[in-house]
Amino acid sequence: LNLSSHSKTLFSLTAHYFKLEEGGERSLCITFAFFFFVKAMAILIVTENYLEFGLETGFANFSDSALCFLQHQGLESQGPISKLTFKLILALLCSLIGAFLTFPGLRLAQMHLDALNLTTAKLTQ
């Protein structure tokens, strides 16, 4: 499976629903994105003693490697980005992915439920 094509499909489906004026899809997309942003920030704030994702060591390794690369290229730098900026970008990415996966999933579930209700109504007639 090509993850890129799936993400493009989810993005285009969410963008289509976001453009509609009626139905409240825009507010639902924003609500889910905000919910996942708050949830991701809460998880990223918790120290590594309680939730071990390896984020601290991964960021330290990335920062050290990037600093060595920049120095090898002859550039003076303090590092690629700060830890707070990295966590903020990660939380924004998680909120977008959460909104793109949740909203079309709910729409698919509603369509499935409508199809089951329609089939059941036709069978009982």
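These notes cover the structure that comes with them. Quick caveat: nothing in here was measured; it's all calculated off a predicted structure. Every chain's residues receive numbers from 1 upward, in the order its sequence appears when written. Under the rules for a predicted model, residues below a pLDDT of 70 receive no local features and side-chain atom pairs below 80 are neither given nor counted, while totals for whole chains, interfaces and linings still include all residues. Hydrogens and water are ignored here; the side-chain numbers use all heavy atoms of the structure.

Here the focus is a nonpolar patch on the surface. In this scheme, patches are assembled from residues that exceed 30% relative accessible area and form no salt bridge. Like charges are connected within 9 Å, while nonpolar side chains (Val, Leu, Ile, Met, Phe, Trp, Tyr) are connected within 5 Å. Computed with a 1.4 Å probe, the accessible areas rest on the Shrake-Rupley method; for each residue, only the protein chains presented here act as cover. A carboxyl oxygen of Asp or Glu within 4 Å of a side-chain nitrogen of Lys or Arg is what we treat as a salt bridge. Taken together, Ile43, Val46, Tyr50, Leu51 and Phe53 make up a surface patch of nonpolar side chains, about 510 Å² in accessible area. To qualify as a helix, a DSSP run of H or I must reach at least 4 residues; to qualify as a strand, a run of E must reach at least 2; elements of each kind are numbered from the N terminus. In this structure, Leu51 sits in the loop between helix H2 (25-45) and helix H3 (55-72).

Right, let's get into the packing of H2 against helix H4 (residues 83-124). Between N-to-C directions, angles span 0 to 180 degrees; the directions come from axes that are lines fitted to C-alpha atoms, helices contributing only their stretch in contact. Running from N to C, H2 and H4 cross one another at 140 degrees; their axes reach a closest spacing of 7 Å. Between H2 and H4, the angle falls in the class oblique. The handedness of the crossing between H2 and H4 is right-handed. Residues are grouped as follows: Ala, Val, Leu, Ile, Met, Phe, Trp, Tyr, Cys and Pro are nonpolar; Asp, Glu, Lys and Arg are charged; every other residue, Gly included, is polar. Among the residues forming the contact of H2 with H4, the class breakdown is 17 nonpolar, 3 polar and 3 charged. Note that the term roughly parallel is reserved for angles under 35 degrees, roughly antiparallel for angles over 145, roughly perpendicular for angles of 65 to 115, and oblique for everything else. When the near helix sits turned anticlockwise from the far one by under a right angle, the crossing is termed left-handed; a clockwise turn instead gives a right-handed crossing.

Interaxial distance between H3 and H4 falls to 11 Å at its minimum, and their mutual angle equals 115 degrees. As for how H3 packs across H4, the hand of that crossing is right-handed. Along the contact surface, H3 presents Leu55, Glu56 and Phe59, while H4 presents Lys83, Phe86, Lys87 and Leu90. For the contact of H3 with H4, a count of residues per class yields 4 nonpolar, no polar and 3 charged. Note on contacts: a residue pair qualifies if any of its non-hydrogen atoms lie within 4.5 Å across the two residues.

In short, geometric facts, not functional conclusions.
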